[in-house]
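Now for the letters of each chain:
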Amino acid sequence: MNTLTAGTIAGEFHARRVYGLKREVLRLVEEVIDDGVFHGGRRIRELEVVAGERWGGHAVGTSSGTMALETAVRALGIGAGDEVIMPALTFVSTAFAVAAAGAVPVFVDIDARTRTIDPTAVAAAVTPRTRAVIPVHIHGLMADMTAIRALADRHALAVIEDCAQAAGATDRGRPAGSVGDIGCFSMWVGKNLGGLADGGLLLAREAALLPLLRKLTDLGRDGERNTHHLRGSRGRMGEIDAAVIRHQLDLLPDWIDRRRTLADRYADAFTALPVVTPTDAPGRPHTYYKYPLTLPDPATATALATHLGRTGITTEQVYPHAVPDQPALREIIHRTTDITVTLDVLPRTVCLPLAPELTDAEADRVIEAVHGFLTPRV
Ligand SMILES: Cc1ncc(COP(=O)(O)O)c(C=O)c1O
């Protein structure tokens, strides 16, 4: 079967997931073809309604998470000269979206234990030009939204949640995307909830934002084909992806449970090792989009990854570089505050394979291989 090469364990499992859903996916594709409606039909509407109901907001499907972020920044009127605070540990799209609007990304540090944006660092970075903050729910764990929301309200800042890695996560029972003004999801095939290639979703707290979000993602149109009210993007989601994502939305809670079971299995197995395992934060259960293991130093992390690679187990670094260290940031006006924790933690990280499709036997092989490298020999 496709990417399942005997004896190897992949770092990412979406090929196996889509393969497992093949019959259902083919049925959905066939239905869309039979209907002959590829955009703006009943499947995208249903996905938007159900996602909005489940996650507490008003949803608009997009072509990617990047598009969702760009649209959110524009919809909130953020533009030239405005500053937007975000963590240094994120995917580049968070910063690119802000830069695309002519605004200035301001990078702040993360909390060492949770790897989510440090609210104290956000407070210290606020200036009279600050317009918004983008907490990123990294690796499937929500940022401390109580602290961020309170801080934002105190300084009259907008809050855009980057939920790309955290569909289905919660903070004190509140779903990712429902606490900020707008939540932005990625539904890239490899995310916890994904379509067949790229996709995304905007979740607005206020229904009043919906018409603008729709226009911005449909070339400025308002339902009428040949009238463009503003310079929008070609940013909508198609019917096939909407159908596949809608189908997976019902499977997501069980998939998250399975991720948590596997994470427990790893954590139990690693208690005696010199590693820090990812875990829940108070009121914020982890959904383990990634399983970042923190090693004592960068050399040990690199050596572990090499050792696992030799035994056929693929690992990832997610991410090897802080965003302000990316070459593209040389072209972007930005500001970086003290990001000591981010720079310390990233090179000491190895993300182990973890997905609902990982079998217990494969997880045990990973555990054995980690032990084989880290358990001291007596
Ligand atoms: C934190 C974060 N933000 C934004 C994105 C962008 O999403 P997409 O790849 O769907 O454009 C991603 C995913 O790649 C992400 O992980």
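Residues numbered from 1 in each chain as written. Predicted model: local features only at pLDDT ≥ 70, side-chain atom pairs only at ≥ 80, totals over all residues. Heavy atoms only, no water.

*Asks:* Tell me about the overall build of the chain, and please be specific about residues and values.
*Replies:* Across its full length, the chain carries 13 helices and twelve strands. For the chain, the C-alpha radius of gyration of 21 Å lies close to 21 Å, the compact-globule estimate for 378 residues. The principal-axis extent of the C-alpha atoms belonging to the chain is close to 75 × 55 × 35 Å. Looking at the chain as a whole, 55% of its 378 residues qualify as buried. A fraction of 71% describes how many contacts in the chain between residues 6 or more apart in sequence connect residues 24 or more apart. (Helix = DSSP H or I, 4+ residues; strand = E, 2+ residues; numbered from the N terminus. Rg over C-alpha atoms; globule rule 2.2 N^0.38 Å. Buried < 20%, exposed > 50% of the residue type's maximum accessible area, 1.4 Å probe, protein only. Contact = heavy atoms within 4.5 Å.)

*Asks:* Tell me what's going on with the site of the ligand, and back it up with residues and numbers.
*Replies:* Around the ligand, 16 residues are found, and the nearest of them are G65, T66, D162, S186 and K191. Between G65 and the ligand, the recorded distance is 2.8 Å, taken from a backbone N or O atom to an oxygen atom. Take Q165: an N or O atom from its side chain is 2.9 Å from an oxygen atom of the ligand. Protein chains shield 91% of the accessible area of the ligand, which is 380 Å² for the free molecule. Those elements that place two or more of their residues in the shell around the ligand are helix 4 (65–75) and helix 5 (92–100). Residue contributions to the shell around the ligand peak at three residues, all from helix 4. (Near = heavy atom within 4 Å. Polar contact = N/O pair within 3.5 Å; in protein donor to acceptor, adjacent residues only side chain to side chain. Areas by Shrake-Rupley, 256 points an atom, 1.4 Å probe, with all protein chains shown as cover.)

*Asks:* Mind laying out helix 8 (residues 210–217), listing which residues take part and the relevant values?
*Replies:* Those residues of helix 8 lying buried are L210, L213, K215, L216 and T217. Against the buried residues of helix 8 lie strand 1 (58–62), helix 4, strand 8 (182–186) and strand 9 (200–204).

*Asks:* I'd love a proper account of helix 11 (residues 298–310), names of residues and values included.
*Replies:* A rise of 1.5 Å per residue sets the reference length of helix 11, with its 13 residues, at 18 Å; its end C-alpha atoms lie 18 Å apart and thus fit the reference within 8%. If you check which residues of helix 11 are buried, you get T300, A301, L304 and L308. What you see down the axis of helix 11 is that its buried residues fit within an arc of 100°, all on one side. When the buried face of helix 11 is taken as reference, the exposed residues oriented beyond 90 degrees from it are A299, T302 and R310. With a side-chain oxygen positioned 3.1 Å from the backbone nitrogen of A299, the residue opening helix 11 is D297. After helix 11 finishes, the residue G312 shows a positive phi value of roughly 90°. (Expected span 1.5 Å × (residues − 1). Arc of directions from axis to C-beta.)

*Asks:* Please give an account of unusual backbone geometry that cites residues and values.
*Replies:* Residues apart from glycine generally show negative phi values, whereas peptide bonds are mostly found in trans. Of note, the bond from V318 into Y319 is cis; its omega dihedral lies within 30 degrees of zero at 10°. Counting through the fold element by element, Y319 comes out in the loop between helix 11 and strand 11 (335–336). Look at R115: it is not a glycine, yet its phi comes out positive at around 65°. By the element assignment, R115 lies in the loop between strand 3 (104–108) and helix 6 (119–125). One non-glycine residue, Y288, lies in positive phi territory at about 50°. Looking at where Y288 falls in the secondary structure, it is placed in the loop between helix 10 (252–270) and strand 10 (291–294).

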